[in-house]
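Fold and contact review
One letter stands for each residue in the lines below.
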Amino acid sequence: APVRRLLTEADPEQPGQERVVGFVAEQNGTPVEVRAMTTVVATDGFANSPELMQRFASSLGTPFYGGVSTSTGDSIAWLEPLGAQWTHMEACLRHGQVTLGHGTRVNPALPWAGAVLVNADGERFVDEQAHGYSGLAGRIQAQPGERALMVWDEQAMAETITSEMMRESLAAGAIHEAADVADLARQVGIDADRLTVALRPLEGRRPQTRRVHHTWLTHGVLTTQGGALVDTRCRLVRADGSTVTGLRVGGGSAVGTAGPGSEGYSSGSGILAAFGAGWIIGEELAGRVTS
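In this report, the structure presented in the accompanying data block is examined. Every chain is numbered on its own, with residues counted from 1 as its sequence reads. Under the rules for a predicted model, residues below a pLDDT of 70 receive no local features and side-chain atom pairs below 80 are neither given nor counted, while totals for whole chains, interfaces and linings still include all residues. Only hydrogens and water are set aside; all other atoms, that is, all heavy atoms of the structure, feed into the side-chain values.

1. Section: the side chain of Arg 238
Our working definition: For helices the rule is a DSSP run of H or I covering at least 4 residues; for strands it is a run of E covering at least 2, with both sets numbered from the N terminus onward. Any pair of N or O atoms that falls within 3.5 Å is considered a polar contact. Within protein, one atom must be able to donate a hydrogen and the other to accept it, and sequence-neighbouring residues count only if both atoms are side-chain atoms.
Residue position: Arg 238 is located in the loop between strand 12 (227–228) and strand 13 (247–249). Here Gln 17 takes part through its side chain, which lies 3.3 Å from a polar atom of the side chain of Arg 238. At 3.2 Å, the side chain of Arg 238 forms a polar contact with the backbone oxygen of Leu 82.

Following this line, the structure appears as structure tokens:
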């Protein structure tokens, strides 16, 4: 029963403003009105809508999309007429470890196991341990061809192979082996001398052993972290500071905790924000019922 729109009517306590009194869904092709004292909008984000990504997050370019099919930003069209203020819309759960041409991912622990990133010109362009997988996406986007070669040795493979992401990448044929740097250079088309320099360990890190594994990576997006501005009770806040009666906003519809850009994302923070909003909304509505 997909929701098509919110039901609104004039708010007697806020002249000139609308309040939410329910929604219209579609069931077996028939519109169904559902009325309620409070409607909670907590749908997913908008990362699977190219139109909305271009409108709100065009600086991310055209990343690989690796999220769920339902991240279509439906709530944006519902909340915009009510005066929603869109906040931190370029913040996303990005991923800088998406295998090029396959769409699988590698274990995000690989950089801490010794993996090195090299661009198509043979340059080591980043300290791999200085960024999480979300923050790393922008660094890879800035490289020639929006791609980078990740190289790691047998020890790193042994430490990370149990990840489902690694098994999926291996099954997809995204991960390759090379006997040494010369063999690696032949396979990837990068000068062997440049690769040798790029693969030298940074201070305090161990060197790569002889046999290595490698894959080309690009940047992707899994979900958005921006959304409607809400107050501490998860009420939609208009530009004049007023809130919309009969409505609460959480989940992927509300602004998250990553801040203005994807660099502020940390693992689990989107789920944590959704859980917190659900707790706040649920406690308030349950208290209203029991009282």
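Next comes the rest of the description.
2. Points about the environment of Gln 208
To keep it simple, the criterion reads: Here, two residues are considered to be in contact whenever any of their heavy atoms come within 4.5 Å of each other.
Along the chain, Gln 208 falls in the loop between helix 7 (192–198) and strand 11 (212–224). Between the alpha carbons of Gln 208 and Ser 69 there is a distance of 39 Å; along the sequence they are 139 residues apart. Setting aside chain neighbours within four positions, we find Gln 208 in contact with Gly 114, Ala 115, Val 116, Val 151, Trp 152, Asp 153 and Leu 199. Polar contacts involving the side chain of Gln 208 include one to the main-chain carbonyl oxygen of Val 151, which spans 3.1 Å. At 3.0 Å, the side chain of Gln 208 and the backbone nitrogen of Asp 153 are in polar contact.

3. Brief notes about the layout of surface pockets
Counted only if it meets this: A pocket here means an open set of points on a 1 Å grid, computed over the protein atoms alone, that has protein on both sides within 12 Å along at least five of seven lines. A cavity is instead a set of points where a 1.4 Å probe fits but cannot get out; residues with an atom within 4 Å of a point line either one. Grid points are joined across faces, edges and corners, and a volume is the space filled by probe spheres set on the points.
Considered as a void within the structure, the largest pocket measures approximately 400 Å³ in volume. Around the largest pocket, the lining comprises 26 residues; the ones closest to its centre are Gly 251, Gly 252, Gly 270, Ala 273 and Ala 274. Contributions of two or more residues to the lining of the largest pocket are made by strand 11 and helix 8 (269–290). The greatest single-element share of the lining of the largest pocket, amounting to seven residues, is contributed by helix 8.

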